[in-house]
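Examining the three-dimensional arrangement
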Amino acid sequence: MSDKNNQNHTGKGKGKDIDHATGIETTGHEWDGIKELNNPMPRWWLWVFFITIIWSVWYWVVYPSWPVPGGATLGTKGYTQEGALKESQQEIFARQQVYLDKFQQASFDEILNDQELYRFAMTGGAAAFKDNCATCHGAGGAGQTGYPNLNDDDWLWGGRLSDISQTLHYGIRAGNMDTHLSQMPAFGKDKLLSREEIEAVVDHVMFISGQVKADSEHGAQIFAQQCAACHGENGQGDREFGAPNLTDKIWLYGGDRHTVYETVYNARAGVMPAWKDRLDENTIRQLTIYIHQLGGGEQDDMAMEEEAGDVREREDNAGQL
Ligand code: HEC
Ligand code: HEC
């Protein structure tokens, strides 16, 4: 349909053009001899149309709608999505606050013995774990090569609440004053041992880990001189140095001959970040309990509770340094 078409028509017809077959007036539009009848809009359609107009006017008045410098008109309800979000967050915070106040005051012991606080710690811990830890330690804390399994009772640095708390606060080789620090020498790369000596001591590791029947006497000697200080006389590990037990079947990097050789030749020095400046104290406490309960958590005695207190104190002091 075009203006030209229209004009042709009005020019020709003037007045009304009635369709012969139906007796209904046409709009004057014609295509190849087919004429458009000028039927009125269906009533229902008109009603919907008017209702949408009324609704949109109501919406403009009540809700923010017109852009103005610095935002939009507020509307009579003063509603904003941001406000709605804040409100629902406020509700969550308020619900949390009830527990947080108690949680902050409670000792680990009290938390473990209080069903509500315990559930609060576990839920918060699980969520924080997913957000912060799962990338390295795996979704359920099952670990992967180089990242320890947190479900078992094989601990590098200790599985008491106080140990875990310390590990979480200050990390491992994380470059702060209180971090767990120990460094296995790179015996091959730094030429502390010859290749043959490394072969021999690896043979000994294969023996004490129960993978081969025959020990290497030479290897055992080297182990006593070079390795026992950290890994213990019998290779059972030492938490003081985060040195893994070499006699169990649990490996951080791998227990096959090739991997053990790699470890001794190059050393590893895995790094675990410190969390004291990234997570708030309550989250760290939730995580501590969560990790402890995952499996293999060890008993804190009273002295240990005090030590945990020391950690918190030291942290306060660190702020002043
Ligand atoms: C960037 C990777 C990374 C992230 C993220 C990480 N860790 Fe670790 N974590 C490690 C490594 C690596 C070690 C082992 C270091 C070593 O060789 O001693 C470790 C060790 C630990 C240990 C000590 C285990 C033991 O046997 O003593 C605990 C507990 C732990 N992590 C908990 C956590 C928690 C909880 C989080 C989250 C808040 C977390 N980690 C996030 C890498 C990570
Ligand atoms: C200064 C302490 C120290 C000394 C000395 C030391 N280690 Fe280690 N070793 C460690 C630490 C800490 C780890 C933990 C891994 C890491 O560095 O991330 C480790 C890890 C290992 C591992 C890997 C275990 C696993 O689960 O994958 C092997 C194998 C090992 N050491 C063998 C030796 C042998 C053999 C010697 C002697 C030639 C030795 N170490 C000397 C501290 C030491």
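Residues numbered from 1 in each chain as written. Chains lettered and ligands numbered in written order. Predicted model: local features only at pLDDT ≥ 70, side-chain atom pairs only at ≥ 80, totals over all residues.

1. Describing the overall build of the chain
- A count of helices and strands for the chain gives 12 helices and four strands.
- Here the chain holds 321 residues, and the buried ones make up 21% of them.
- The long-range share in the chain, meaning contacts at least 24 apart out of those at least 6 apart in sequence, stands at 54%. (Helix = DSSP H or I, 4+ residues; strand = E, 2+ residues; numbered from the N terminus. Buried ≥ 20, exposed ≤ 12 C-beta atoms within 10 Å, placed from the backbone. Contact = placed C-beta atoms within 7 Å.)

2. Describing the site of ligand 2
- Within the structure, ligand 2 sits among 27 residues, and Met 184, Cys 227, Cys 230, Tyr 253 and Gly 270 are positioned closest to it.
- Mapped by element, the contributors of at least two residues to the shell around ligand 2 are α8 (195-208), α9 (217-231) and α10 (257-266).
- Ranked by the residues each element gives to the shell around ligand 2, the list is headed by α9, at five residues.
- Class assignment of the residues belonging to the shell around ligand 2 gives a composition of 18 nonpolar, eight polar and one charged. (Near = placed C-beta within 6 Å. Nonpolar A, V, L, I, M, F, W, Y, C, P; charged D, E, K, R; others polar.)

3. Digging into the packing of α8 against α10
- Between α8 and α10, the least distance of the axes is 10 Å, while the angle of their chain directions is 125 degrees. What the angle tells us is that α8 and α10 run oblique. Here α8 runs over α10; the crossing is right-handed. Where α8 abuts α10, its residues Ile 198, Val 201, Val 202, Val 205 and Met 206 lie against Arg 257, Val 260, Tyr 261, Val 264 and Tyr 265.
- Across the contact of α8 with α10, the residue classes break down as nine nonpolar, no polar and one charged. (Axes fitted to C-alpha atoms, helices over the stretch in contact; angles between N-to-C directions. Parallel < 35°, antiparallel > 145°, perpendicular 65-115°, else oblique. Left-handed = near helix turned anticlockwise from the far one by under 90°.)

4. Remarks on the confidence of the model for the chain
- Predicted confidence across the chain gives a mean pLDDT of 87, with 89% of residues reaching 70 or more.
- Of all secondary-structure elements in the chain, the lowest mean pLDDT belongs to helix α1 (residues 3-13), at 45, while α8 reaches the highest, 97.
- Below pLDDT 50 for its whole length, residues 1-13 participates in seven contacts with residues either more than four positions away or in separate chains. (pLDDT = per-residue confidence, 0-100.)

5. Considering the site of ligand 1
- Taken together, 25 residues sit near ligand 1, with Cys 133, Cys 136, Trp 157, Gly 270 and Met 272 positioned nearest.
- Of all the secondary-structure elements, those providing two or more residues to the shell around ligand 1 are α6 (134-137), α7 (161-170) and α11 (281-294).
- For the shell around ligand 1, the residue count by class is 17 nonpolar, eight polar and no charged.

6. Let's talk about the environment of Asp 152
- Tracing the backbone shows Asp 152 in the loop between α6 and α7.
- Under the C-beta neighbour-count criterion, Asp 152 is labelled partly exposed, with 16 such atoms within 10 Å.
- Along the sequence, Asp 152 and Gly 297 sit 145 residues apart, while their C-alpha atoms lie 8.3 Å from each other.
- Discounting residues that sit within four places of it in the chain, Asp 152 has contacts with Ile 250, Gly 295 and Gly 296.

7. Observations concerning the nonpolar core
- With 19 residues, the main nonpolar core has Ile 111, Ala 121, Leu 287, Ile 289, Tyr 290 and Ile 291 as its most contacted residues.
- Element by element, the count of residues in this core is highest for α11, at five residues.
- Ignoring anything within four residues of it in the chain, the contact list for Leu 287 reads Gly 125, Ala 128, Phe 129 and Leu 168.
- In this structure, Leu 193, Ile 198, Val 201 and Ile 222 belong to the second largest nonpolar core, which totals 13 residues. (Core = buried A, V, L, I, M, F, W, Y, C linked by C-beta atoms within 7 Å.)

8. Concerning unusual backbone geometry
- Its identity is not glycine, yet Arg 173 carries a phi of approximately 50 degrees, on the positive side.
- Among the structural elements, Arg 173 can be located in the loop between α7 and α8.
- For Ala 269, which is not a glycine, the phi torsion comes out positive at approximately 55 degrees.
- Note on placement: Ala 269 falls in the loop between α10 and α11.

9. Topic: α8
- For α8, which comprises 14 residues, the first-to-last C-alpha distance of 20 Å matches the rise-based estimate of 20 Å (1.5 Å per residue) to within 8%.
- Buried residues belonging to α8 abut α9 and α10.
- Phi for Gly 210, located one or two positions after α8, is positive at around 75 degrees. (Expected span 1.5 Å × (residues − 1).)

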